[in-house]
Each structure stands twice: as structure tokens, then as C-alpha cells.
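Each chain, letter by letter, is given below.
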Amino acid sequence: MSTMFADTVLIVFISVCTALLAEGITWVLVYRTDKYKRLKAEVEKQSKKLEKKKETITESAGRQQKKKIERQEEKLKNNNRDLSMVRMKSMFAIGFCFTALMGMFNSIFDGRVVAKLPFVPLSYIQGLSHRNLLGEDYTDCSFIFLYILCTMSIRQNIQKLLGLAPSRAATKQAGGFLGPPPQSGKFS
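What you see is a predicted model; the values in this text were computed from it and never measured. (Residues numbered from 1 in each chain as written. Predicted model: local features only at pLDDT ≥ 70, side-chain atom pairs only at ≥ 80, totals over all residues. Heavy atoms only, no water.)

All right, on to the pattern of salt bridges then. Overall, the coordinates contain seven salt bridges when judged by the stated rule. Its salt-bridge partner being R155, residue E23 comes within 2.8 Å of it at the nearest N-O pair. Taken together, the residues E23 in helix α1 (residues 2–31) and R155 in helix α5 (residues 143–162) connect sequence positions 132 residues apart. For E23, a relative accessible area of 2% puts it in the buried group. (Salt bridge = Lys/Arg side-chain N within 4 Å of Asp/Glu carboxyl O. Helix = DSSP H or I, 4+ residues; strand = E, 2+ residues; numbered from the N terminus. Buried < 20%, exposed > 50% of the residue type's maximum accessible area, 1.4 Å probe, protein only.)

This is the structure:
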């Protein structure tokens, strides 16, 4: 049991280190560039301006005001797309580094139970949570599952701590994979 605890602490430490490495790579390749800084400032400014206009507009607003808002939304969407393209090169570098690190860590923790889950995961997640483990006890947790869970939570917090996370206004306007979709059809 004590080796399991040591493995769990080690995996959390590895997750923190890889998240810091990823943010360091992203800072070198993206965050310190003038293009990123300019685009981020533009997205922030447009998001705030658009939010203010949406708050002041009424249902009886004229077509011209609605068209202006639609144009601003389109401009914001284009700037967000450009910002994503700037971040893309760091994503490739991080993906390459993590692929190499995953191979090494998988060989170190291969077949070792690193944690005990307090639940039985859903059947389609069991392949990941019980990866390369012997036995039928699906509450046993593999390295990859614990590492992914830790990295997902730790990296976001490190981004917030370092001030590198996108602002709430920009995230709200941009939508995103897990965020609410942008409300562009609100005035049509």
C-alpha cells in the first residue's frame, strides 16, 4: 500500500512538472511573441465592447445596430481563429514532447497499480483506467488514467496561477469545446 501511495504522489509530481514544461514551451513559442500579445489584446477589447453593446441593445433595436453587432461578432471570431493558429505551433511541440515522455513513463509504470479508485469506472473508460493491469478489479487504477486526470486539473490551475489562462470575457464570447456556444443568432 505504501508503494501505491508513493507512486500516486510521484505521478502527481510528474503531472505538475510536465504541466510546467508545457507552459514553458508555450511561453517560449507563443506567449512572449508580439503577434500573440497584439491578438490577445484585440480579442479582449472586442469581447468587452461586444458585451457592452449586447447589454445596451433592446429587442426593438434597429437592423443597423444588429448588423453592427453581427460584424463585430464575425471580427471577434476571426481574431479568435487567428489566436488559435498562433497557439498551434506550441501544441505540436508539446504533443511531440509528451509522446516521448509517455513512452518512458508507461514503461516505468507498466503493470503497476498506482491508485485504488473509489468507484468502478464506466465500461468505455475501463480500458484506460485499467490499462496494462492484470486482474478483474476495475477499481485498480493505471498510470495513464491517473496522469490524465491530474494533468487536466493541474495544467488549468497553473495557467491561471501564471496569468496565462484566457480571460472570462474572451472565453464567454468564443464559446469553445466545453464552454457555452456563442449566441450569434440572438438578434436574428
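Structure's up, so let's keep going.
Looking now at unusual backbone geometry. The backbone phi angle of N132 is positive, close to 60 degrees, even though this residue is not glycine. Secondary-structure assignment places N132 in the loop between α4 (123–129) and β2 (140–141).

Turning to helix α2 (residues 34–56), a few remarks are in order. If you check α2, its first and last C-alpha atoms are 33 Å apart, about what 23 residues at 1.5 Å a residue would give, namely 33 Å. Of the residues making up α2, those classed as buried are Y36, L39, V43, E44, Q46, S47, L50 and K54. (Expected span 1.5 Å × (residues − 1).)

Here we come to the packing of aromatic side chains. Throughout the structure, instances matching the rule amount to four aromatic pairs. Relative to F143, the ring of F109 has its centre 5.0 Å away and its plane inclined at 5 degrees; by these criteria the two rings are stacked. With F109 in helix α3 (residues 63–109) and F143 in helix α5, this residue pair connects regions lying 34 residues apart in the sequence. As far as the burial class goes, F109 and F143 line up, both buried. (Phe/Tyr/Trp six-rings, centres within 6.5 Å; stacked < 30°, edge-to-face > 60°.)

Turning next to the packing of α2 against α3. Running from N to C, α2 and α3 cross one another at 155 degrees; their axes reach a closest spacing of 9 Å. Taken together, α2 and α3 sit at an angle that is classed as roughly antiparallel. Judged by the sense of rotation from one axis to the other, the crossing of α2 with α3 is left-handed. In contact with K35, Y36, L39, K40, E42, V43, Q46, S47, K49, L50, K53 and K54 of α2, α3 contributes K68, I69, Q72, E73, K75, L76, N79, N80, D82, L83, V86 and R87. Of the residues that constitute the contact of α2 with α3, the class distribution is eight nonpolar, five polar and eleven charged. (Axes fitted to C-alpha atoms, helices over the stretch in contact; angles between N-to-C directions. Parallel < 35°, antiparallel > 145°, perpendicular 65-115°, else oblique. Left-handed = near helix turned anticlockwise from the far one by under 90°. Contact = heavy atoms within 4.5 Å. Nonpolar A, V, L, I, M, F, W, Y, C, P; charged D, E, K, R; others polar.)

Glancing now at the side chain of N79. Looking at where N79 falls in the secondary structure, it is placed in helix α3. Accessibility expressed as a relative area gives 12% for N79, which makes it buried. Leaving out residues up to four positions away in the same chain, N79 has contacts with L39, E42, V43 and Q46.

To find leftover empty space, a probe the size of one water molecule is rolled over the atoms. All told, the structure shown has one cavity of 30 Å³ or more when counted by the stated rule. Estimates place the volume of the largest cavity at around 80 Å³. In terms of lining, the largest cavity is formed by N106, F109, D110, G111, R112, R131, N132, L133, S142, F143 and I144. Those elements that place two or more of their residues in the lining of the largest cavity are α3 and α5. Of the residues in the lining of the largest cavity, the class split is four nonpolar, four polar and three charged. (1 Å grid on protein atoms, 1.4 Å probe; cavity = no way out; pocket = protein on both sides within 12 Å on 5 of 7 lines; lining within 4 Å. Points joined across faces, edges and corners; volume = space filled by probe spheres on them.)

Worth remembering: the numbers are spatial, not functional.
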